Structures are given as structure tokens and as C-alpha cells.
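These are the residues of each chain, in order.
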Amino acid sequence: GRGGNNMMMMRGRQQGDGMMGRMMKKHPGWVLLKNQMHVPGGYRRVLSTTLWVGSFNADGVNERDVGNLFARFGYVEDVSIKRAVGSVFVTMRDRIEAETAKAECFGVGMLASCKVGWGHGAGVSRDVYDYRTGEALITENVFQKFGDLNLPPYEYPSYVPRLPKL
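Student: For this particular structure, what's the right way to read the overall build of the protein chain?
Tutor: Counting its regular elements, the protein chain contains three helices and eight strands. Of the regular secondary structure in the protein chain, the N- to C-terminal order runs β-β-β-α-β-β-α-β-β-β-α. Looking at the protein chain as a whole, 44% of its 166 residues qualify as buried. Across the protein chain, the fraction of contacts at a sequence separation of at least 24, relative to all contacts at a separation of at least 6, is 66%. Total accessible area computed for the protein chain in this model is approximately 8,900 Å², and 52% of it derives from carbon and sulfur atoms.

Here is the structure:
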């Protein structure tokens with residue numbers, strides 16, 4: 001985690017084996033926001049824990065390299081390199097770790113010339129997603145499919161929700 005530990009922490013992986021755990025449900029890339037005021041019936045408000053890294057040069061770089069870089073900010077759930085478009089998606093365990101990584105990764109190592117923003121997680125429709133904040137509305141069905149990670153709803157007292165805009 002924090003404090004200079006360079007070992008990548010990834011859900012469902014043993015250090016060094018590189019194999020995803022088959023028994024654990026994959027993190028959806030978002031967390032439930034405790035404030036559900038004004039959310040239409042059948043929807044839930046979530047905040048992204050997935051970072052989009054653009055203008056990324058992936059030559060000679062693998063998921064473990066990227067994960068090790070982001071592990072200094074918190075627990076890395078998943079890394080996906082999209083070589084054809086020069087981008088990477090990094091899913092952190094929770095929103096606080098994702099916000100820290102987003103704020104502090106500029107100019108670090110292989111990210112020196114990259115852009116960093118919010119990516120959306122599993123089941124998030126672009127129609128009800130705010131790229132500036134990483135806030136989304138997901139359907140109750142999507143929440144039931146992905147949302148039972150035993151994480152408490154994310155309390156963010158200073159955050160003013162931007163959605164719904166259905």
C-alpha cells in the first residue's frame with residue numbers, strides 16, 4: 001500500500017503467481033454512494049474507483065508494472081492495458097484510494113506525459129455517467145449483479161451529487 005511499498009496488491013492474486021482468483025467476484029470499478037437522495041426508482045448512485053490513463057505508451061510495460069506504480073496509493077483491484085488506443089484502466093479498491101491516485105500520480109514514472117481521469121466501471125451506461133466526477137446511476141439489476149462486495153456505502157459529506165439527468 002502506502003509508504004513506498006512497491007509490491008502490487010491485487011484482489012484474488014497470490015504474490016508472484018499472476019493468476020486471478022476464480023472464487024472471488026471481480027470488483028465492478030465503482031462503490032455505492034451513501035447519499036441516494038433524488039435517485040429515481042430502480043437506480044442506485046455510485047462513484048467510480050476506476051481511473052482512465054490516456055496518452056499511455058505501453059511499449060515494454062505490463063499490467064504488473066502499472067499495478068506496482070499505483071499500489072503506492074492503495075489497493076489495486078485490476079489493471080487493463082488497451083494498447084491499440086494507448087490507454088490503461090486501473091481499478092482501485094475504494095474511492096478514497098482512487099482519488100489519491102488520481103491527484104498524486106501526475107508526472108510519476110511512466111505516467112509523466114499521461115492524462116488521468118475517471119473511467120466507468122461494470123454495468124455503467126454512458127448515458128447516466130458524469131466523466132468529471134465519476135458519478136453514475138446504475139440499475140438495480142446491475143447493482144444486484146456486481147454490488148455485493150461487503151463494502152459499506154461510501155460517505156462523502158462534501159460531495160454534491162450531479163445526477164440524475166435521466
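Student: Please clarify how unusual backbone geometry should be interpreted in this entry.
Tutor: Apart from glycine, the bulk of residues carry a negative phi angle, and the bulk of peptide bonds sit in the trans form. Positioned with a positive phi, H38 is a non-glycine residue whose angle comes to about 65°. Tracing the sequence through the fold places H38 in the loop between strand 1 (30–32) and strand 2 (43–48). Residue H38 is classed as exposed on the basis of its relative accessible area, which comes to 67%. Phi angles above zero are rare outside glycine, and S55 is one such case at about 60°.

Student: Where do I start with the pattern of salt bridges in this structure?
Tutor: Pairing between side chains becomes possible if they bear opposite charge and their charged atoms approach one another. One pass over the full model with this rule turns up eight salt bridges. The shortest N-O distance in the salt bridge between E97 and R93 comes to 3.5 Å. Assessed through its relative accessible area of 6%, E97 is described here as buried. Judged by its relative accessible area of 31%, R93 is partly exposed. D130 is the partner of R162 in a salt bridge, and the nearest nitrogen-oxygen pair spans 2.6 Å. With R162 in the segment after helix 3 (140–146) and D130 in strand 7 (residues 129–130), the pair connects residues that are 32 residues apart, well separated along the chain. It is possible to trace a salt-bridge network through shared partners that takes in D130, R132 and R162.

Student: Quick question: what am I supposed to make of the pairing of strand 6 (residues 115–119) here?
Tutor: One face of the sheet, then the other: side chains in a regular strand alternate in exactly this way. Within strand 6, four of the five residues are buried, leaving the element largely enclosed by the surrounding structure. As paired elements, strand 3 (residues 50–54) and strand 6 share five bridges and run antiparallel to each other. Each bridged residue has a counterpart across the sheet, and for T50 the counterpart in strand 6 is G119.

Student: Explain helix 1 (residues 63–70) to me, please; I cannot follow it from the model alone.
Tutor: Since the α-helix advances by 3.6 residues per turn, residues separated by three or four positions end up pointing in the same direction. Of the positions making up helix 1, those classed as buried are V66, G67, L69 and F70. Down the axis of helix 1, the buried side of the element spans an arc of 160°, and every buried residue falls inside it. Summarising the contacts, the buried residues of helix 1 are in contact with strand 3, strand 4 (76–82), strand 5 (87–92) and helix 2 (95–104). With a side-chain oxygen positioned 3.0 Å from the backbone nitrogen of R64, the residue opening helix 1 is N62.

Student: Which parts of the structure should I look at to understand the side chain of R95?
Tutor: Position of R95 among the secondary structure elements: in helix 2. A relative accessible area of 3% means that R95 is categorised as buried. Here R95 is in contact with V31, L47, S48, T49, W118, T133, G134 and Y154, once residues within four sequence places are set aside.

Student: Honestly, the environment of Y129 in this entry has me stumped. Any pointers?
Tutor: By the secondary structure assignment, Y129 is in strand 7. Dropping the residues within four chain positions of it, Y129 is found in contact with S48, W118, G119, H120, V124, G134, E135, A136 and L163.

Student: In this structure, what is going on with the sheet that holds strand 2? I would like to understand it.
Tutor: Strand pairing in a sheet is mediated by backbone hydrogen bonds. Such pairs are either parallel or antiparallel. Spatial strand order, 1-2-8-7: four strands in an open sheet with antiparallel pairing. Of all strands in the sheet, those with a lone pairing partner are strand 1 and strand 7, marking the two edges. One ladder, built from two bridges, connects strand 7 with strand 8 (residues 135–139); its direction is antiparallel. Bridging from a neighbouring strand, Y129 pairs with A136 of strand 8.

Quick notes on the rules
Here the residue numbers are simple positions, counted from 1 along each chain's written sequence. For this predicted model, a pLDDT threshold of at least 70 governs which residues receive local features, and a threshold of 80 or more governs which side-chain atom pairs are given and counted, while totals over whole chains, interfaces and linings are taken from all residues. As a rule here, side-chain values come from all non-hydrogen atoms in the structure, and water together with hydrogens is ignored. Helix and strand assignments come from DSSP, with helices taken as H or I runs of at least 4 residues and strands as E runs of at least 2, each series counted from the N terminus. Categorising residues by exposure relies on relative accessible area from a 1.4 Å probe, with only protein chains included: less than 20% of the type maximum marks a residue as buried, more than 50% marks it as exposed, and the intermediate range marks it as partly exposed. Only heavy atoms matter for contacts: two residues are in contact if any of them lie within 4.5 Å across the pair. Working definition of accessibility: Shrake-Rupley area with a 1.4 Å probe, residue cover restricted to the visible protein chains. One side-chain nitrogen of Lys or Arg within 4 Å of one carboxyl oxygen of Asp or Glu is enough to make a salt bridge. When DSSP finds two or more bridges between two strands, those strands count as paired. The directions considered for the arc run from the helix axis to the C-beta atoms. Any pair of N or O atoms that falls within 3.5 Å is considered a polar contact. Within protein, one atom must be able to donate a hydrogen and the other to accept it, and sequence-neighbouring residues count only if both atoms are side-chain atoms.

Nothing here speaks to function; it is geometry throughout.
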